[in-house]
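# An overview of the molecular structure
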Amino acid sequence: MFKKISKNENLLHHNEVGAIIQCKDCNRIAIIIHSILYTCDEEEYDYFFELIMNIDLNIEKYLFEIGDKNYVILNTKIENLNMVFDLTQFEYLTDLFIQSKYMKEIHKLLIN
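Attention here is on the structure that accompanies the text. (Residues numbered from 1 in each chain as written. Predicted model: local features only at pLDDT ≥ 70, side-chain atom pairs only at ≥ 80, totals over all residues. Heavy atoms only, no water.)

### Concerning the packing of aromatic side chains
How two aromatic rings sit relative to each other is set out by the distance from centre to centre and by the angle between their planes. By the definition in use, this model includes 3 aromatic pairs. Seen from their ring centres, Y38 and F48 are 6.0 Å apart, and the 75 degrees between their planes marks the pair as edge-to-face. Of this pair, Y38 sits in strand β4 (residues 36-40) while F48 is found in helix α1 (residues 42-57), placing the two residues 10 residues apart along the sequence. Classification of Y38 as partly exposed rests on a relative accessible area of 32%. Overall, the relative accessible area of 12% leaves F48 in the buried class. The ring centre of F49 lies 4.8 Å from the NZ or CZ of K101, which sits over that ring. (Phe/Tyr/Trp six-rings, centres within 6.5 Å; stacked < 30°, edge-to-face > 60°. Helix = DSSP H or I, 4+ residues; strand = E, 2+ residues; numbered from the N terminus. Buried < 20%, exposed > 50% of the residue type's maximum accessible area, 1.4 Å probe, protein only. Lys NZ or Arg CZ within 6 Å of the ring centre and 35° of its normal.)

Structure representation (structure tokens):
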């Protein structure tokens, strides 16, 4: 996955759940989680990052049992559309965002 990206993009991080890529020209960020593509600016990315970190810190409030398995459900701005992750997938999601946040800061330092 994502072995080759354009020279105008920084692959901030990728793992089993998805990838986060930032455009070098406009600084917009593409968040790919499974088959969902979400593009945002840095402010929206920071909001999404904080949301995921808050859920991770208070995960018991966000767990839902479906069948015999626990899931974390993230609401979206679209009514009746939610993102669902089992606990392993949610760990990958938090890793994806934590590592991409580090890389985003490293790229900023390299530019300045």
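Structure shown, so let's carry the discussion forward.
### Some details on the sheet that holds strand β6 (residues 69-75)
Spatially, β5-β6-β7 is the arrangement adopted by the 3 strands of the open sheet, whose pairing is antiparallel. Each end of this open sheet is capped by a strand with a single partner; those strands are β5 (63-66) and β7 (82-86). Taking the axes of each pair of neighbouring strands and ignoring which way they run, one obtains an average angle of 40 degrees across the sheet. Looking at chain direction, β6 and β7 are connected through 5 bridges and run antiparallel. From the neighbouring strand, N75 faces β7, where its bridge partner is N82. Each of β5, β6 and β7 is contacted by helix α2 (residues 87-111), which is oriented at about 105 degrees to β7, the strand it contacts most. (Pairing = 2+ DSSP bridges. Axes fitted to C-alpha atoms, helices over the stretch in contact; angles between N-to-C directions. Contact = heavy atoms within 4.5 Å.)

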